[in-house]
Protein chains: 2
Amino acid sequence: MSGQLPADLPRPPYWVAVLSSLRNGADPEQYAAAARRMRELAGQQPGFIAAESARTAEGFGISLSYWHDPESIAAWRDQVEHTLVREFGREHWYEALHVHIARVERSYRVEPATQASSSAR
Amino acid sequence: MSGQLPADLPRPPYWVAVLSSLRNGADPEQYAAAARRMRELAGQQPGFIAAESARTAEGFGISLSYWHDPESIAAWRDQVEHTLVREFGREHWYEALHVHIARVERSYRVEPATQASSSAR
């Protein structure tokens with residue numbers, strides 16, 4: 001099995017925007033294209049570190065974006081194209097969408113196939 | 001499309017443990033059973049609020065557990081059965097596993113199909 005790897009670990013503190021959502025199944029291709037575009041656009045924002053996402057076949061998904069500070073998250077929230085797509089999305093694509101903005105205090109990598117783990121700090 | 005709904009929003013601050021991982025594809029049934037058992041066991045721990053998870057067909061997954069305080073997360077980390085399963089898992093089930101422990105400062109629900117959103121605080 002192969003797939004995307006977890007994002008590299010920055011040194012805490014950093015911030016994470018957690019989006020937890022249930023898709024309604026409408027417009028799968030348009031949604032996928034918008035998600036790719038938002039990922040590309042987020043990557044161009046100041047303070048962006050990384051993004052990760054996963055969605056089940058039943059439509060429940062979690063998207064994470066990591067940022068250096070809360071001001072960067074607020075600026076991304078207010079970015080014009082992002083705002084337009086988000087408004088469209090909330091009207092057409094979701095049954096439910098929750099957002100959690102959190103400050104990461106600690107992070108570490110669990111090393112597979114050994115007993116050891118290494119901390120990012 | 002139907003599926004699990006996002007967890008209810010507690011009032012901040014609360015904490016979230018973010019596990020971001022790439023499965024190696026081994027033992028899918030054993031892994032699924034262990035994941036269900038860990039979810040059940042976490043739900044019995046003091047300070048537990050809710051859990052959410054999603055994994056892609058390619059094996060990349062995100063698991064979130066929400067907690068009232070960091071002491072509850074530490075106690076869950078040290079819980080005996082959880083520790084044993086986690087050690088087994090890191091040796092057999094993952095290509096990579098990253099953990100982020102974060103304090104949620106703000107959260108809100110985006111209301112679908114309207115322009116309005118309601119904040120949890």
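The structure under discussion appears in the preceding block.
Residues numbered from 1 in each chain as written. Chains lettered and ligands numbered in written order. Predicted model: local features only at pLDDT ≥ 70, side-chain atom pairs only at ≥ 80, totals over all residues. Heavy atoms only, no water.

Colleague: Got a minute to help me understand the nonpolar core in this structure?
Modeller: Where a protein is soluble and globular, its nonpolar side chains tend to be buried together. Among the nonpolar cores identified, the biggest contains 28 residues, and Leu64(A) and Leu64(B) are the most heavily contacted of them. Among the secondary structure elements, those contributing two or more residues to this core are β1 (14–23), β2 (48–55), β3 (60–67) and β4 (94–110) of chain A together with β1 (14–23), β2 (48–55), β3 (60–67) and β4 (94–110) of chain B. When residues no more than four places from it in sequence are discounted, the contact partners of Leu64(A) are Val16(A), Ala17(A), Val18(A), Ala50(A), Ala51(A), Glu52(A), Val18(B), Ile62(B) and Leu64(B). (Core = buried A, V, L, I, M, F, W, Y, C linked by side-chain atoms within 4.5 Å. Buried < 20%, exposed > 50% of the residue type's maximum accessible area, 1.4 Å probe, protein only. Helix = DSSP H or I, 4+ residues; strand = E, 2+ residues; numbered from the N terminus. Contact = heavy atoms within 4.5 Å.)

Colleague: What should I look at first to understand the relation of the copies chain A and chain B in this one?
Modeller: Mapping between the two chain copies consists of a rotation about an axis together with a translation along that axis. If you rotate chain A by 180° and push it 0.0 Å along the axis, it lands on chain B with an RMSD of 0.0 Å. In symmetry terms, the pair is related by a two-fold rotation axis. Interface overlap between copies is the fraction of interface residues in one copy that are interface residues in the other; for chain A against chain B it reaches 100%, indicating a shared surface. (Least-squares fit on C-alpha atoms with pLDDT ≥ 70 in both.)

Colleague: Got a minute to help me understand the interface of chain A and chain B in this structure?
Modeller: A common way to express how large an interface is: the accessible area buried when the components associate. If you look at the interface, chain A gives 59 residues, while chain B gives 59 residues. In total, about 5000 Å² of surface goes out of reach between chain A and chain B, with carbon and sulfur atoms giving 60% of it. At the boundary of chain A and chain B, one finds 19 residue pairs in polar contact (both at pLDDT 80 or more). Every element with two or more residues in the side of chain A that touches chain B is listed here: β1, β2, β3, α3 (80–92) and β4 of chain A. (Buried area = accessible area lost by both parts, 1.4 Å probe. Polar contact = N/O pair within 3.5 Å; in protein donor to acceptor, adjacent residues only side chain to side chain.)

Colleague: Help me understand the pairing of β1(B) in this model?
Modeller: Residues and elements named next belong to chain B. The buried count for β1 comes to nine of 10 residues, which makes it a mostly enclosed element. Pairing of β1 with β4 involves 10 bridges; the strand directions are antiparallel. By the bridge assignment for β4, Leu-19 is matched with Val-99. As paired strands, β1 and β3 are joined by eight bridges and run antiparallel to one another. Its bridge partner being in β3, Leu-22 is matched across the sheet by Phe-60. (Pairing = 2+ DSSP bridges.)

Colleague: When you look at the packing of aromatic side chains in this model, what are you seeing that I'm missing?
Modeller: When we look at a pair of aromatic rings, we describe it by the centre distance and by the angle of the planes. Under the criterion given, the structure shown has 12 aromatic pairs over all chains. Judged by centre distance (6.1 Å) and plane angle (85°), the ring pair of Tyr31(B) and Tyr94(B) falls under edge-to-face. Here Tyr94(B) lies in strand β4 and Tyr31(B) lies in helix α1 (residues 28–42), a separation of 63 residues in the sequence. The residues Tyr31(B) and Tyr94(B) share a single accessibility class, namely buried. Among the aromatic residues, those joined into a ring-pair cluster are Tyr31(A), Phe88(A), Trp93(A) and Tyr94(A). The ring of Tyr31(A) carries the charged tip of Arg23(A) above its face, separated from the ring centre by 4.0 Å. (Phe/Tyr/Trp six-rings, centres within 6.5 Å; stacked < 30°, edge-to-face > 60°. Lys NZ or Arg CZ within 6 Å of the ring centre and 35° of its normal.)

Colleague: For this particular structure, what's the right way to read α1(B)?
Modeller: In an α-helix, one turn spans 3.6 residues; hence positions three or four apart end up facing the same way. Residue and element names in this part refer to chain B. Compared with the 21 Å implied by 1.5 Å per residue over 15 residues, the 21 Å span of α1 between its first and last C-alpha is a close match. Listed as buried for α1 are Tyr-31, Ala-34, Met-38, Leu-41 and Ala-42. Seen from one end, α1 has its buried residues packed into an arc of 95°, which puts them on one side. Turned more than 90 degrees off the buried face of α1, the exposed positions are Pro-28, Glu-29 and Arg-36. Of the surrounding secondary structure, the elements contacted by the buried residues of α1 are β1, β2, β3, α2 (70–78), α3 (80–92) and β4. (Expected span 1.5 Å × (residues − 1). Arc of directions from axis to C-beta.)

Colleague: Please clarify how the environment of Trp93(B) should be interpreted in this entry.
Modeller: All names here are of chain B. Position of Trp-93 among the secondary structure elements: in the loop between α3 and β4. Residues Trp-93 and Asp-8, 85 residues apart in the sequence, show an inter-C-alpha distance of 30 Å. In contact with Trp-93, other than residues within four places in its own chain, are Leu-22, Arg-23, Asn-24, Ala-26, Asp-27, Gln-30, Tyr-31, Ala-34, Val-85 and Phe-88.

Colleague: What's the story with the pairing of β2(B) in this structure? I'm lost.
Modeller: Consecutive side chains along a regular strand alternate between the two faces of the sheet. Pairing of β2(B) with β3(B) involves seven bridges; the strand directions are antiparallel. Each residue of the ladder has a partner; that of Ala50(B), found in β3(B), is Tyr66(B).

Colleague: Just to check I follow, could you spell out the packing of α2(B) against α3(B) for this structure?
Modeller: In a packed pair of helices, the relevant descriptors are the angle between the two axes and the axis-to-axis distance. Residue and element names in this part refer to chain B. Remark: α2 packs on α3, axes separated minimally by 5 Å, with the N-to-C direction vectors making an angle of 65°. Seen from α2, the contacting residues are Trp-76, Arg-77 and Asp-78; seen from α3, they are Val-80, His-82, Thr-83 and Arg-86. Taken together, the residues of the contact of α2 with α3 sort by class into two nonpolar, two polar and three charged. (Axes fitted to C-alpha atoms, helices over the stretch in contact; angles between N-to-C directions. Nonpolar A, V, L, I, M, F, W, Y, C, P; charged D, E, K, R; others polar.)

Colleague: Is there a simple way to explain unusual backbone geometry in this structure?
Modeller: All names here are of chain A. The step from Pro-12 to Pro-13 runs through a cis peptide bond, and the omega angle for that step is 0°. Backbone geometry places Asp-27, a non-glycine residue, at a positive phi of 50°. Relative to the elements of secondary structure, Asp-27 occurs in the loop between β1 and α1 (28–42). Exposure remark for Asp-27: the relative accessible area of 32% places this residue in the partly exposed category.

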